[in-house]
Amino acid sequence: MTRTATTLYCFGVLTFFACRNESPSGSNDPALFQEKPASTATFSAQTTPSSGGSGNFESLVADGENKDRGIWQKPNMVISLLGDLDNKTVADIGAGTGYFTFRLVPKAKRVIGIDIDPRFISFLDSMKVRLPEIYQKRFETRLSLPNDPLLRPGEADAVVIVNTYGYLDNRIQYLRTLRKGMSSGARLLIIDFKKNNLPVGPPDHFKVALDEVERELVSAGFRIDKIDKDALDYQYIVIASAP
Ligand SMILES: C[S@@+](CC[C@H](N)C(=O)[O-])C[C@H]1O[C@@H](n2cnc3c(N)ncnc32)[C@H](O)[C@@H]1O
(Lines give C-alpha, C1' and ligand atoms only; values in the text may rest on other atoms or scores of the structure.)
Protein backbone atom coordinates (compact mmCIF):
# COMPACT_ATOMS: atom_id res chain seq x y z
CA MET A 1 0.00 0.00 0.00
CA THR A 2 1.34 3.46 -0.89
CA ARG A 3 1.82 6.15 1.73
CA THR A 4 -1.06 8.16 0.27
CA ALA A 5 -3.38 5.18 0.29
CA THR A 6 -2.38 4.43 3.86
CA THR A 7 -3.03 8.01 4.93
CA LEU A 8 -6.45 7.89 3.26
CA TYR A 9 -7.13 4.62 5.01
CA CYS A 10 -6.18 6.08 8.41
CA PHE A 11 -8.37 9.08 7.72
CA GLY A 12 -11.18 6.71 6.78
CA VAL A 13 -10.80 4.76 10.02
CA LEU A 14 -10.80 7.91 12.10
CA THR A 15 -13.73 9.42 10.20
CA PHE A 16 -15.60 6.19 10.74
CA PHE A 17 -15.12 6.40 14.49
CA ALA A 18 -15.80 10.13 14.51
CA CYS A 19 -19.02 9.64 12.55
CA ARG A 20 -20.13 6.96 14.96
CA ASN A 21 -19.12 9.28 17.79
CA GLU A 22 -17.28 6.55 19.60
CA SER A 23 -13.77 5.45 20.31
CA PRO A 24 -12.33 2.49 18.40
CA SER A 25 -12.91 0.46 21.51
CA GLY A 26 -16.60 1.27 21.47
CA SER A 27 -16.86 3.78 24.31
CA ASN A 28 -16.66 7.54 24.50
CA ASP A 29 -15.06 7.42 27.90
CA PRO A 30 -11.97 5.30 28.42
CA ALA A 31 -12.87 5.13 32.09
CA LEU A 32 -15.87 3.11 31.04
CA PHE A 33 -13.89 0.47 29.14
CA GLN A 34 -15.13 -2.89 30.33
CA GLU A 35 -14.18 -6.48 29.80
CA LYS A 36 -16.86 -7.55 27.37
CA PRO A 37 -17.94 -11.11 26.75
CA ALA A 38 -17.76 -12.28 23.16
CA SER A 39 -18.45 -15.36 21.15
CA THR A 40 -15.35 -15.90 19.05
CA ALA A 41 -11.89 -14.49 19.28
CA THR A 42 -9.75 -13.45 16.38
CA PHE A 43 -6.36 -11.89 16.01
CA SER A 44 -5.22 -11.91 12.45
CA ALA A 45 -2.32 -14.05 11.35
CA GLN A 46 -1.40 -11.11 9.10
CA THR A 47 -0.25 -9.14 12.13
CA THR A 48 2.99 -10.97 12.22
CA PRO A 49 6.13 -9.38 13.53
CA SER A 50 8.52 -8.63 10.75
CA SER A 51 12.14 -7.73 11.17
CA GLY A 52 12.06 -4.32 12.83
CA GLY A 53 8.78 -3.56 11.10
CA SER A 54 5.36 -2.86 12.42
CA GLY A 55 3.31 -5.45 10.55
CA ASN A 56 0.28 -4.64 8.46
CA PHE A 57 -1.26 -1.39 9.70
CA GLU A 58 -4.80 -2.15 8.63
CA SER A 59 -4.76 -5.63 10.21
CA LEU A 60 -3.21 -4.27 13.39
CA VAL A 61 -5.91 -1.62 13.69
CA ALA A 62 -8.64 -4.19 13.10
CA ASP A 63 -7.10 -6.71 15.50
CA GLY A 64 -6.16 -4.25 18.22
CA GLU A 65 -9.70 -2.96 18.37
CA ASN A 66 -11.52 -6.23 17.73
CA LYS A 67 -14.63 -6.11 19.88
CA ASP A 68 -14.17 -9.78 20.76
CA ARG A 69 -10.76 -9.19 22.28
CA GLY A 70 -12.05 -8.35 25.75
CA ILE A 71 -13.10 -11.92 26.44
CA TRP A 72 -9.59 -13.31 26.14
CA GLN A 73 -7.52 -10.20 26.85
CA LYS A 74 -9.13 -9.38 30.23
CA PRO A 75 -7.71 -5.85 30.23
CA ASN A 76 -8.93 -4.89 33.70
CA MET A 77 -7.34 -7.95 35.26
CA VAL A 78 -4.11 -7.27 33.35
CA ILE A 79 -3.97 -3.64 34.44
CA SER A 80 -4.61 -4.62 38.06
CA LEU A 81 -1.31 -6.54 37.95
CA LEU A 82 0.49 -3.20 37.86
CA GLY A 83 -0.80 -2.33 41.32
CA ASP A 84 -1.80 1.15 42.38
CA LEU A 85 -0.96 3.55 39.55
CA ASP A 86 -2.26 6.73 41.16
CA ASN A 87 1.13 8.39 41.36
CA LYS A 88 2.85 6.49 38.61
CA THR A 89 4.00 7.11 35.07
CA VAL A 90 3.23 4.16 32.82
CA ALA A 91 4.84 3.54 29.42
CA ASP A 92 2.98 1.38 26.91
CA ILE A 93 5.62 0.18 24.43
CA GLY A 94 4.16 -0.81 21.08
CA ALA A 95 0.96 1.02 21.98
CA GLY A 96 -0.62 0.44 18.55
CA THR A 97 -4.21 1.70 18.59
CA GLY A 98 -4.02 2.20 22.34
CA TYR A 99 -5.95 -0.84 23.51
CA PHE A 100 -4.12 -0.70 26.83
CA THR A 101 -2.95 2.91 26.65
CA PHE A 102 -6.42 4.39 26.84
CA ARG A 103 -7.49 2.00 29.55
CA LEU A 104 -4.48 3.04 31.62
CA VAL A 105 -5.08 6.78 31.33
CA PRO A 106 -7.92 6.97 33.91
CA LYS A 107 -5.86 4.96 36.40
CA ALA A 108 -2.35 6.46 36.22
CA LYS A 109 -0.79 9.83 36.91
CA ARG A 110 0.73 9.88 33.42
CA VAL A 111 0.72 7.53 30.45
CA ILE A 112 3.18 7.52 27.56
CA GLY A 113 1.99 5.72 24.42
CA ILE A 114 5.15 4.64 22.62
CA ASP A 115 5.37 3.26 19.09
CA ILE A 116 7.85 3.20 16.21
CA ASP A 117 5.15 3.63 13.59
CA PRO A 118 4.12 7.26 12.97
CA ARG A 119 0.73 6.09 11.73
CA PHE A 120 -0.10 4.69 15.15
CA ILE A 121 1.20 7.84 16.83
CA SER A 122 -1.14 9.90 14.62
CA PHE A 123 -3.96 7.52 15.41
CA LEU A 124 -3.35 7.85 19.17
CA ASP A 125 -3.08 11.64 18.91
CA SER A 126 -6.36 11.80 17.04
CA MET A 127 -8.05 9.80 19.78
CA LYS A 128 -6.41 11.83 22.53
CA VAL A 129 -8.21 15.04 21.56
CA ARG A 130 -11.51 13.27 22.15
CA LEU A 131 -10.68 12.42 25.76
CA PRO A 132 -11.95 14.55 28.64
CA GLU A 133 -9.45 17.34 29.28
CA ILE A 134 -8.28 15.85 32.57
CA TYR A 135 -7.23 12.70 30.72
CA GLN A 136 -5.66 14.56 27.79
CA LYS A 137 -3.25 16.21 30.23
CA ARG A 138 -2.13 12.84 31.53
CA PHE A 139 -1.43 11.29 28.16
CA GLU A 140 1.35 11.81 25.66
CA THR A 141 2.49 9.91 22.61
CA ARG A 142 6.12 9.24 21.75
CA LEU A 143 7.55 8.15 18.44
CA SER A 144 10.39 5.85 19.41
CA LEU A 145 13.27 4.11 17.67
CA PRO A 146 13.39 0.40 16.87
CA ASN A 147 16.19 -0.07 19.40
CA ASP A 148 15.19 2.51 22.02
CA PRO A 149 11.84 3.44 23.62
CA LEU A 150 13.32 6.92 24.21
CA LEU A 151 12.37 7.12 27.86
CA ARG A 152 14.25 9.64 29.95
CA PRO A 153 16.36 8.15 32.77
CA GLY A 154 14.06 6.73 35.44
CA GLU A 155 10.99 8.17 33.74
CA ALA A 156 8.65 5.15 33.86
CA ASP A 157 7.36 3.61 37.09
CA ALA A 158 5.65 0.84 35.14
CA VAL A 159 6.01 -0.48 31.59
CA VAL A 160 3.69 -2.69 29.57
CA ILE A 161 4.67 -4.54 26.41
CA VAL A 162 1.65 -6.37 25.04
CA ASN A 163 1.75 -8.44 21.85
CA THR A 164 4.86 -6.53 20.88
CA TYR A 165 7.83 -8.39 22.39
CA GLY A 166 8.34 -10.48 19.24
CA TYR A 167 8.61 -7.31 17.16
CA LEU A 168 11.69 -6.14 19.03
CA ASP A 169 15.10 -6.83 17.52
CA ASN A 170 18.16 -7.37 19.72
CA ARG A 171 15.87 -7.80 22.65
CA ILE A 172 18.46 -8.12 25.41
CA GLN A 173 20.04 -4.84 24.37
CA TYR A 174 16.58 -3.29 24.04
CA LEU A 175 15.71 -4.41 27.58
CA ARG A 176 18.95 -2.96 28.93
CA THR A 177 18.15 0.37 27.33
CA LEU A 178 14.59 0.17 28.64
CA ARG A 179 15.86 -0.49 32.15
CA LYS A 180 17.60 2.87 32.20
CA GLY A 181 14.26 4.52 31.51
CA MET A 182 12.63 2.82 34.49
CA SER A 183 12.64 4.05 38.06
CA SER A 184 14.09 1.86 40.78
CA GLY A 185 11.71 -1.03 41.50
CA ALA A 186 9.54 -0.22 38.48
CA ARG A 187 7.40 -3.08 37.20
CA LEU A 188 7.61 -4.44 33.66
CA LEU A 189 4.66 -6.43 32.34
CA ILE A 190 5.18 -8.51 29.21
CA ILE A 191 2.21 -10.28 27.69
CA ASP A 192 2.48 -12.30 24.51
CA PHE A 193 0.98 -15.25 22.72
CA LYS A 194 1.68 -18.80 23.83
CA LYS A 195 2.88 -21.27 21.23
CA ASN A 196 0.47 -24.01 20.22
CA ASN A 197 -1.37 -23.07 17.03
CA LEU A 198 -3.93 -20.92 18.77
CA PRO A 199 -7.01 -19.50 17.05
CA VAL A 200 -5.69 -16.00 17.73
CA GLY A 201 -2.27 -14.41 17.36
CA PRO A 202 0.50 -14.82 14.82
CA PRO A 203 1.75 -18.20 13.58
CA ASP A 204 3.88 -20.09 16.10
CA HIS A 205 7.17 -19.42 14.34
CA PHE A 206 6.79 -15.69 14.97
CA LYS A 207 6.17 -16.11 18.69
CA VAL A 208 8.77 -15.82 21.43
CA ALA A 209 8.62 -18.77 23.82
CA LEU A 210 8.11 -17.96 27.47
CA ASP A 211 11.44 -19.45 28.58
CA GLU A 212 13.22 -17.27 26.03
CA VAL A 213 11.53 -14.17 27.47
CA GLU A 214 12.63 -15.24 30.96
CA ARG A 215 16.22 -15.80 29.85
CA GLU A 216 16.39 -12.48 28.04
CA LEU A 217 14.98 -10.55 30.99
CA VAL A 218 17.50 -12.07 33.37
CA SER A 219 20.37 -11.40 30.94
CA ALA A 220 19.28 -7.78 30.76
CA GLY A 221 19.38 -7.47 34.55
CA PHE A 222 15.69 -7.72 35.39
CA ARG A 223 14.33 -9.74 38.28
CA ILE A 224 11.41 -12.00 37.43
CA ASP A 225 8.65 -11.59 39.99
CA LYS A 226 5.84 -13.63 38.54
CA ILE A 227 4.96 -15.83 35.60
CA ASP A 228 1.39 -16.78 34.81
CA LYS A 229 0.56 -19.16 31.97
CA ASP A 230 -3.04 -19.74 32.98
CA ALA A 231 -4.77 -16.45 33.69
CA LEU A 232 -5.19 -15.69 29.98
CA ASP A 233 -6.30 -18.33 27.49
CA TYR A 234 -3.91 -17.40 24.69
CA GLN A 235 -1.14 -15.39 26.30
CA TYR A 236 1.45 -15.73 29.01
CA ILE A 237 2.09 -12.99 31.52
CA VAL A 238 5.52 -12.10 32.85
CA ILE A 239 6.02 -9.55 35.58
CA ALA A 240 9.58 -8.39 36.12
CA SER A 241 11.16 -5.52 37.94
CA ALA A 242 14.13 -3.25 37.52
CA PRO A 243 16.23 -3.49 40.69
C1 LIG B 1 0.58 -6.28 17.50
S2 LIG B 1 0.74 -4.54 17.81
C3 LIG B 1 0.30 -4.50 19.53
C4 LIG B 1 -0.39 -3.21 19.87
C5 LIG B 1 -0.90 -3.12 21.31
N6 LIG B 1 0.13 -3.31 22.29
C7 LIG B 1 -2.02 -4.10 21.54
O8 LIG B 1 -1.83 -5.06 22.31
O9 LIG B 1 -3.10 -3.91 20.94
C10 LIG B 1 2.50 -4.26 17.84
C11 LIG B 1 2.87 -2.78 17.91
O12 LIG B 1 4.26 -2.67 18.19
C13 LIG B 1 4.81 -1.61 17.44
N14 LIG B 1 6.25 -1.84 17.38
C15 LIG B 1 6.94 -2.73 16.62
N16 LIG B 1 8.25 -2.66 16.88
C17 LIG B 1 8.40 -1.72 17.86
C18 LIG B 1 9.53 -1.18 18.57
N19 LIG B 1 10.79 -1.59 18.33
N20 LIG B 1 9.31 -0.21 19.49
C21 LIG B 1 8.06 0.23 19.74
N22 LIG B 1 6.95 -0.23 19.10
C23 LIG B 1 7.13 -1.19 18.17
C24 LIG B 1 4.06 -1.70 16.13
O25 LIG B 1 4.16 -0.51 15.39
C26 LIG B 1 2.66 -2.02 16.61
O27 LIG B 1 1.92 -0.85 16.86
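Conventions and cut-offs
Residues numbered from 1 in each chain as written. Predicted model: local features only at pLDDT ≥ 70, side-chain atom pairs only at ≥ 80, totals over all residues. Heavy atoms only, no water. Near = heavy atom within 4 Å. Polar contact = N/O pair within 3.5 Å; in protein donor to acceptor, adjacent residues only side chain to side chain. Areas by Shrake-Rupley, 256 points an atom, 1.4 Å probe, with all protein chains shown as cover. Nonpolar A, V, L, I, M, F, W, Y, C, P; charged D, E, K, R; others polar. Core = buried A, V, L, I, M, F, W, Y, C linked by side-chain atoms within 4.5 Å. Buried < 20%, exposed > 50% of the residue type's maximum accessible area, 1.4 Å probe, protein only. Contact = heavy atoms within 4.5 Å. Pairing = 2+ DSSP bridges. Helix = DSSP H or I, 4+ residues; strand = E, 2+ residues; numbered from the N terminus. Axes fitted to C-alpha atoms, helices over the stretch in contact; angles between N-to-C directions. Parallel < 35°, antiparallel > 145°, perpendicular 65-115°, else oblique. Left-handed = near helix turned anticlockwise from the far one by under 90°. pLDDT = per-residue confidence, 0-100.

Visitor: I'd like a description of the site of the ligand, backed by residues and values.
Guide: Surrounding the ligand, one finds 20 residues, the nearest of these being Arg69, Gly94, Asp115, Pro146 and Val162. For the ligand, an oxygen atom lies 2.7 Å from a polar atom in the side chain of arginine 69. For the ligand, a nitrogen atom lies 2.7 Å from a polar atom in the backbone of glycine 94. Expressed as a share of its isolated accessible area of 600 Å², the protein-covered part of the ligand is 98%. Split into classes, the residues belonging to the shell around the ligand amount to 10 nonpolar, seven polar and three charged.

Visitor: Describe the nonpolar core, and please don't skip the residues or the numbers.
Guide: Within the largest apolar cluster, 28 residues are counted, with the highest numbers of intra-cluster contacts made by Leu82, Leu85, Leu104 and Leu189. Ignoring sequence-local partners within four residues, the contact set of leucine 104 consists of Ile79, Leu82, Leu85, Val90, Val111 and Val160. Counting residues in each nonpolar core, the second largest holds 27 residues, with Ile112, Val159, Val213 and Ala240 among its members.

Visitor: Describe the sheet that holds strand β5 (residues 182–193), listing the residues and the values that go with them.
Guide: A sheet is described by the order of its strands in space; here seven strands give the open sequence β3-β2-β1-β4-β5-β7-β6, paired in mixed fashion. Since the sheet does not close on itself, it has two edges, and those belong to β3 (139–143) and β6 (223–228), each with one partner. With strand direction ignored, the average angle separating the axes of adjacent strands in the sheet is 20 degrees. Note: strand β2 (residues 110–115) against β3, five bridges, orientation parallel. Bridge pairing in β3 links glycine 113 to threonine 141. Helix α8 (residues 171–180) rests against β1 (89–93), β4 (156–162) and β5 of the sheet, and its axis sits at about 140 degrees to β5. Contacting β5, β6 and β7 (235–241), helix α9 (residues 210–219) runs over the sheet at an angle of about 10 degrees to β7.

Visitor: Let's hear about the environment of alanine 91: which residues, and what values?
Guide: Here alanine 91 is to be found in strand β1. Take alanine 91: its relative accessible area is 0%, and that puts it in the buried class. Those residues in contact with alanine 91 that sit more than four places away from it in its chain are Ile112, Ile114, Leu151, Ala156, Ala158, Val159 and Val160.

Visitor: A description of the packing of α8 against α9 should follow, citing residues and the corresponding values.
Guide: It is at 8 Å that the axes of α8 and α9 come closest, and there the two elements cross at 50 degrees. Relative to α9, the element α8 lies oblique. Helix-helix and strand crossings are classified by hand; for α8 and α9 the assignment is right-handed. For the pair α8 and α9, the contacting residues are Arg171, Ile172, Leu175 and Arg176 in the first and Glu212, Glu216, Leu217 and Ser219 in the second. Grouping the constituent residues of the contact of α8 with α9 by class yields three nonpolar, one polar and four charged.

Visitor: Would you mind going over the confidence of the model for the protein in detail, with residue names and values included?
Guide: Averaged over all residues, the pLDDT of the protein equals 82, while 74% of them reach at least 70. Low confidence marks residues 50–54, where pLDDT is under 50. Its contacts with residues over four positions away, or in another chain, come to 11 contacts.

Visitor: A description of the pairing of β7 should follow, citing residues and the corresponding values.
Guide: Buried residues dominate β7, accounting for seven of its seven residues. The side-chain alternation of β7 yields two buried faces, one formed by Gln235, Ile237, Ile239 and Ser241 and the other by Tyr236, Val238 and Ala240. Relative to β7, β5 is paired through seven bridges, and the arrangement is antiparallel. The residue bridging isoleucine 190 from the neighbouring strand is valine 238, located in β7. Where β6 and β7 come together, five bridges link them in antiparallel fashion. Within β7, the position partnered with lysine 226 by the bridge is isoleucine 239. Connecting β6 to the antiparallel partner β7 that follows it, the hairpin turn spans six residues.

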